[in-house]
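# Topology and contacts: notes
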Amino acid sequence: MNRPPLDIVEVQGTATDVAHQFGKIRARKIAVRVDYWNRLLGILFKGKRDKLKDLEKGFLAAANRAAPHYIEEIRALADGSGLPFVDLFRLNLTELKAFAEKCSTLIIPFATRAGKKILIAHNEDWDPRQNDVLILKAKLPDVSYSILAYDGYLPGLSSGLNSHGLCHAINYVLARDIRPAMPRIFITRFLVTARNT
């Protein structure tokens with residue numbers, strides 16, 4: 001496969017500043033991803049539109065109770081990209097459809113003459129029509145991070161590391177019965193800026 005190097009997006013500020021900048025920088029690509037996701041969900045939930053709306057409302061209520069600060073990041077992402085909040089929130093509900101089945105991630109410590117290092121390797125089993133991977137480097141007031149990221153999503157769906165020394169790698173198994181709860185992306189978003197201890 002002949003693939004160009006990954007795009008690198010560098011942003012800084014508060015978490016909502018980072019989300020807004022990311023939305024603004026990648027607005028055109030995010031719009032494409034939202035359109036694809038909405039069409040795909042239209043097919044998957046054909047004849048079950050009320051079920052989809054109920055799931056969205058349930059996930060939003062749970063998210064507002066458990067992690068309203070991540071809701072604000074999605075609002076900032078929506079504002080930056082010029083898209084409706086409801087579309088960006090729906091995009092971040094990865095529970096609604098399995099999107100990766102064969103991703104593998106390795107985090108391997110190794111020693112070099114320059115000291116201990118960590119190799120993070122990830123094969124991306126992702127439908128490029130749905131999204132594409134990029135590197136997001138963010139500098140917040142109390143932590144910085146470099147991660148694999150996707151247009152329109154909160155950071156944390158794949159692999160990365162932060163200045164606290166925490167390396168993370170994410171994969172998941174889709175539940176057979178989708179029930180509203182805090183969206184999984186909010187849990188993985190926590191890891192992006194979490195402390196190592």
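Here the structure is shown first, and the text comes after it.
Residues numbered from 1 in each chain as written. Predicted model: local features only at pLDDT ≥ 70, side-chain atom pairs only at ≥ 80, totals over all residues. Heavy atoms only, no water.

### Topic: helix α4 (residues 68–81)
An ideal rise of 1.5 Å per residue puts 20 Å on 14 residues; α4 measures up with 20 Å between its terminal C-alpha atoms. Those residues of α4 not exposed but buried are Y70, I71, E73, I74, A76, L77, A78, G80 and S81. Of the surrounding elements, those touching the buried residues of α4 are α1 (15–25), α2 (27–44), α3 (49–66), α5 (85–91) and α6 (184–193). Directly beyond the C-terminal end of α4, a positive phi value near 75° is found at G82. (Helix = DSSP H or I, 4+ residues; strand = E, 2+ residues; numbered from the N terminus. Expected span 1.5 Å × (residues − 1). Buried < 20%, exposed > 50% of the residue type's maximum accessible area, 1.4 Å probe, protein only. Contact = heavy atoms within 4.5 Å.)

### Observations concerning the pairing of strand β6 (residues 159–162)
The pairing of strand β5 (residues 144–150) with β6 spans three bridges and is classified as antiparallel. Bridge pairing in β6 places I147 opposite G160. Relative to strand β7 (residues 167–169), β6 runs antiparallel, the two being bridged by three bridges. Across the sheet, the residue bridging to L161 is C167, located in β7. If you look at the hairpin formed by β6 and β7, you'll find four residues sitting between the two strands, and G165 has a positive phi there, around 95°. (Pairing = 2+ DSSP bridges.)

### Some remarks on the sheet that holds strand β4 (residues 133–139)
With mixed pairing, the five strands of this open sheet are ordered in space as β1-β4-β5-β6-β7. The open sheet has two edge strands, β1 (8–12) and β7, and neither has a second partner. Here the strands of the sheet are splayed against their neighbours by 20° on average, with no regard to which way each runs. (Axes fitted to C-alpha atoms, helices over the stretch in contact; angles between N-to-C directions.)

### Side note on the nonpolar core
I74, L88, F89, L96, L136, Y145 and F186 are the most contacted members of the largest nonpolar core, which totals 46 residues. Dropping the residues within four chain positions of it, L136 is found in contact with V9, V11, F22, Y145, S146, I147, A149 and P155. (Core = buried A, V, L, I, M, F, W, Y, C linked by side-chain atoms within 4.5 Å.)

### Remarks on the pattern of salt bridges
Per the counting criterion, the structure on display carries nine salt bridges. Across the salt bridge formed by D7 and R26, the nearest N and O atoms sit 2.9 Å from each other. Placement of the pair is D7 in the segment before β1 and R26 in the loop between α1 and α2, with a sequence separation of 19 residues. Measuring nitrogen to oxygen at the nearest pair gives 3.9 Å for the salt bridge that ties K29 to D7. One end of the pair, K29, is in helix α2; the other, D7, is in the segment before β1, and 22 residues separate them in sequence. (Salt bridge = Lys/Arg side-chain N within 4 Å of Asp/Glu carboxyl O.)

### Some details on the side chain of E73
Relative to the helices and strands, E73 resides in helix α4. The class of E73 is buried, set by a relative accessible area of 5%. Looking at E73, its side chain comes within polar contact range of the side chain of R189, at 3.0 Å. Those residues in contact with E73 that lie beyond four places of it in its chain are A15, T16, A19, L154 and R189. (Polar contact = N/O pair within 3.5 Å; in protein donor to acceptor, adjacent residues only side chain to side chain.)

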